[in-house]
Structures are given as C-alpha cells and as structure tokens.
Amino acid sequence: MEINLISDTVTKPTPEMLHQMFHAKVGDDVFKQDPTVNEFEAIVANMFGMEAALFFPSGTMANQTAIKLHTNPGDQIICDKWSHIHLYESGGASANSGVNFNLLDGNRGMINAEQVKNGINDPEFYHTPFSKLVSIENTTNKGGGACYDIEELQKIKQVCVENNLKYHLDGARLWNALIAKKQHPKQFGSLFDTISVCFSKGLGAPVGSVLVADAATIKRAIRIRKIFGGNMRQSGYLAAAGIYALQNNINRLEDDHRRAKELGKKLVECSWVLSVAPVETNIIVFSVQSHIEDNLVIEKLKQKGIAISLLAKGSLRMVTHLDYKEVMHTYVLETLEKMEF
Ligand SMILES: *Cc1c(COP(=O)(O)O)cnc(C)c1O
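Residues numbered from 1 in each chain as written. Predicted model: local features only at pLDDT ≥ 70, side-chain atom pairs only at ≥ 80, totals over all residues. Heavy atoms only, no water.

## Some details on the overall build of the chain
Thinking step 1. Secondary structure assignment for the chain yields 14 helices and 13 strands.
Thinking step 2. Here the C-alpha coordinates of the chain stretch approximately 60 × 55 × 35 Å along the principal axes.
Thinking step 3. For the chain, the proportion of contacts with a sequence separation of at least 24, taken over those separated by at least 6, is 75%.
Thinking step 4. Summed over its atoms, the accessible surface of the chain is roughly 15100 Å², and 52% of this surface lies on carbon and sulfur atoms. (Helix = DSSP H or I, 4+ residues; strand = E, 2+ residues; numbered from the N terminus. Contact = heavy atoms within 4.5 Å. Areas by Shrake-Rupley, 256 points an atom, 1.4 Å probe, with all protein chains shown as cover.)

Structure follows, in structure tokens:
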C-alpha cells in the first residue's frame with residue numbers, strides 16, 4: 001500500500017471527475033468563449049456573493065495577480081511572517097510587483113487587528129513604504145491548517161477601511177475553513193476585495209485556482225493574467241473538474257478533518273513524539289523527541305509505505321486528502337502505534 005500524506009495536492013481525478021471533464025463543452029477562453037469556464041467562474045462568483053471571477057492555472061498566479069492589482073512598486077504588504085505569498089511564491093511579490101512586506105509575528109500564521117493597526121506606516125511620512133494591502137491566509141499553510149474566527153477578520157476589515165488599505169484573502173484551503181468553522185463563502189465575499197481559492201488541493205481537481213472580486217477588478221485582472229502568461233484556451237476541460245469538485249467534494253472534507261484529528265491524537269500517545277500542534281483541519285504538524293532525527297522518522301515511515309514531509313527543522317507534516325482512504329488510515333494509525341526508536 002502506497003500512502004502519500006505529503007500534501008493534499010497529490011490527489012488524482014476520480015473516474016467520475018474525469019467523465020465530467022471529457023464531456024465538457026469547450027471554446028477559446030481567451031475570447032471568453034469557453035462555456036464551461038464561463039459557467040465555472042459564474043458559479044464561484046455567486047457562491048461568494050461577488051460580481052465576477054477569473055480562472056487561473058495556479059494559486060500562486062491568482063495571488064500574484066491580486067498583489068499586482070492592489071499595489072504600485074515600492075508599496076508594502078502587511079501579512080503574517082509565515083504567509084505563502086512571502087515564503088513560497090519564489091519572491092514573486094518583489095519580482096512581479098516591486099513590493100515589500102511588513103511581516104507580523106502572528107499566531108500559527110494568523111494575525112490580529114491590533115497588530116495590523118500597529119503595522120501601518122504613516123502615509124504622510126514619506127521615508128517609509130506606503131502600506132497598501134493586508135493579506136490574510138485561511139486556513140494557514142505553515143500554521144498547520146489553523147483557521148480564523150470571522151470576528152477577527154471583520155475587525156481587520158475595519159482597520160483596512162479606516163486606513164484605506166486593500167484586503168486580500170489567500171484562500172487556497174478556504175474550503176477546509178468553511179467546513180471546520182461552519183462558515184459560508186458569502187461571509188468572506190462581503191469582507192475582502194479579492195479572494196483566491198484553490199481546486200487542486202482539498203477538492204481533488206487536477207489544476208486550477210479562481211480569483212473572485214468585483215467586475216471592474218476582474219476586468220483589470222484579465223490583463224494581468226495575460227501579462228503573467230496565464231491565458232488558457234480550451235480550459236473548460238479543467239473548469240469542468242472544478243465544477244465537479246464544488247458539487248461533490250466540499251462536504252466530504254469533514255472526513256479529512258476527522259482523520260487528521262485521529263492522527264494527531266495517536267501521535268500525542270506515541271512516546272517518541274515531543275509535541276503535536278492543534279489539529280483544526282487537514283494538516284498535522286508535529287515534532288519528535290530531540291534525540292531522534294527528523295529524517296529517521298521520515299525514512300522509517302517510508303519503509304512502511306507511508307510518505308510524510310519535513311516542514312522545517314524540528315517540524316514534520318502530514319496532510320489528509322481525498323485519496324487517503326479509511327483502510328489506509330487504519331493502517332497508518334496502527335503503524336504509528338507500533339513504531340519504536
Ligand atoms: C498551495 C498554496 C498556494 C499556491 O497554490 P499553487 O496552486 O500551488 O500555486 C497559495 N497559498 C497557500 C496558502 C497555499 O497553501
């Protein structure tokens with residue numbers, strides 16, 4: 001049995017999803033003539049109660065487009081120090097938009113309104129960068145799948161309004177937050193200027209992210225996507241997977257969350273484990289006793305057919321997903337219990 005807990009991006013389309021993809025009606029999306037892409041974008045925009053949406057080949061490109069939409073070179077983005085847009089987009093914010101970051105010291109990747117307020121530069125003081133954009137990640141990636149209370153996001157919004165800042169949500173795993181916190185997409189649509197959501201993570205589609213915003217913003221985003229080389233032609237085949245994922249794969253995230261919690265609980269009971277971060281969604285972050293090498297843990301599990309990853313030194317990660325089934329789960333729980341160092 002090959003079990004991959006490295007990321008929720010490792011899933012492969014199911015026969016049902018492939019069937020819907022094969023039968024998609026397609027056209028040239030660069031001329032906005034792909035009916036399936038148009039339908040997909042309309043569905044996602046409606047879900048969030050926002051005017052328009054745009055399909056992207058990746059979450060990175062959707063985030064980078066949002067950054068370019070909201071900033072000018074020299075401007076500053078306020079976000080958590082662990083943000084994907086800072087750590088894992090290959091320096092794109094500075095390369096593409098010439099911006100810099102004010103990195104806040106948040107809690108498991110989450111920042112609060114007070115920190116944001118204190119992080120804003122005085123616009124009259126021309127020596128410091130212009131604070132232009134606040135970017136939130138929900139759920140947090142490096143923060144181990146933590147999710148925000150909507151009240152804190154509302155307070156941050158208030159700070160943004162008072163200080164004329166744009167407000168972006170990197171919602172690559174927003175679906176997990178919606179399920180874990182029993183929230184509705186419209187609660188997020190009413191707060192943010194732009195939201196990016198991913199279909200190739202928890203939702204099991206092979207490719208794609210969507211950016212949602214008002215119609216004027218999306219009109220500008222199309223030009224930026226073109227500049228970034230993200231225009232696609234008969235992308236309805238991919239959008240069809242997204243539509244299938246929305247219809248079938250959101251509520252089942254509960255299974256991923258339950259299994260992740262069970263894995264976390266099992267790890268807490270293992271003598272070789274030092275600590276396990278709180279498990280809120282589908283990501284488990286843990287550390288092992290100091291005399292045990294991280295790589296030894298990875299290697300031992302690999303020999304048992306279980307792949308996990310190193311998040312950072314002293315920090316191991318497992319991610320549950322659509323292709324991690326109950327039989328595999330039972331086996332992993334047993335294997336963890338039996339492991340000795
Ligand atoms: C994965 C991820 C992205 C980027 O998505 P890609 O499709 O891999 O480019 C952005 N933000 C967060 C928080 C992510 O976890």
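Let us keep going from here.
## Describing the packing of helix 12 (residues 253–269) against helix 14 (residues 326–338)
Thinking step 1. The geometry of helix 12 relative to helix 14 is characterised by a closest axis approach of 10 Å and an angle of 10 degrees between their N-to-C directions. With respect to their mutual orientation, helix 12 and helix 14 come out roughly parallel. In this structure, helix 12 contributes Arg258, Arg259, Glu262, Leu263, Lys266 and Leu267 to the contact, and helix 14 contributes Glu326, His329, Val332, Leu333, Leu336 and Glu337.
Thinking step 2. In terms of residue class, the contact of helix 12 with helix 14 is built from 5 nonpolar, 1 polar and 6 charged. (Axes fitted to C-alpha atoms, helices over the stretch in contact; angles between N-to-C directions. Parallel < 35°, antiparallel > 145°, perpendicular 65-115°, else oblique. Nonpolar A, V, L, I, M, F, W, Y, C, P; charged D, E, K, R; others polar.)

## So, the environment of Ser83
Thinking step 1. Following the sequence through the fold, Ser83 ends up in the loop between strand 3 (76–80) and helix 4 (84–87).
Thinking step 2. With a relative accessible area of 5%, Ser83 lands in the buried category.
Thinking step 3. Taking the C-alpha atoms as reference points, Ser83 and Tyr244, separated by 161 residues in sequence, lie 29 Å from one another.
Thinking step 4. Apart from residues lying up to four places away in sequence, Ser83 is in contact with Tyr88 and Glu137. (Buried < 20%, exposed > 50% of the residue type's maximum accessible area, 1.4 Å probe, protein only.)

## As for the side chain of Asp28
Thinking step 1. With respect to the element layout, Asp28 can be found in the loop between helix 1 (15–22) and helix 2 (35–48).
Thinking step 2. By relative accessible area, which is 17% here, Asp28 ends up buried.
Thinking step 3. Within the structure, Asp28 has its side chain in polar contact with the backbone nitrogen of Val30 (distance 3.0 Å).
Thinking step 4. Excluding anything up to four places from it in sequence, Asp28 contacts Gln33, Asp34, Met232, Arg233 and Gln234. (Polar contact = N/O pair within 3.5 Å; in protein donor to acceptor, adjacent residues only side chain to side chain.)

## Quick look at the nonpolar core
Thinking step 1. Ranked by size, the top nonpolar core spans 56 residues in total, and within it Ile136, Trp175, Ile195 and Phe199 carry the most contacts.
Thinking step 2. The leading source of residues in this core is helix 11 (residues 236–248), at 7 residues.
Thinking step 3. Excluding residues within four positions of it along the chain, Ile136 makes contact with Ile111, Tyr148, Leu153, Ile156, Tyr167, His168, Leu169, Asp170 and Phe192.
Thinking step 4. Core analysis: the second largest hydrophobic core is formed by 26 residues, Ile3, Phe286, Leu316 and Tyr324 among them. (Core = buried A, V, L, I, M, F, W, Y, C linked by side-chain atoms within 4.5 Å.)

## Comments concerning the sheet that holds strand 4 (residues 100–104)
One key point about sheets: their strands pair by backbone hydrogen bonds, in either a parallel or an antiparallel sense.
Thinking step 1. Spatially, 7 strands are ordered 2-8-7-6-5-3-4 in an open sheet, and the strand pairing comes out mixed. Each edge of the sheet is formed by a strand with only one pairing partner; in this case those strands are strand 2 (52–56) and strand 4. The average undirected angle you get between the axes of adjacent strands in this sheet is 20 degrees.
Thinking step 2. The pairing of strand 3 with strand 5 (residues 131–137) spans 3 bridges and is classified as parallel. (Pairing = 2+ DSSP bridges.)

## Details of the site of the ligand
Thinking step 1. If you check the shell around the ligand, you find Ser58, Gly59, Thr60, Asn63, His84, Glu89, Glu137, Asn141, Asp170, Ala172, Arg173 and Lys201 and nothing else.
Thinking step 2. At a separation of 2.6 Å, an oxygen atom of the ligand approaches a polar side-chain atom of Thr60.
Thinking step 3. Alone, the ligand offers 380 Å² of accessible surface; in the complex the protein occludes 84% of this.
Thinking step 4. Element by element, the count of residues in the shell around the ligand is highest for helix 3 (residues 59–70), at 3 residues. (Near = heavy atom within 4 Å.)

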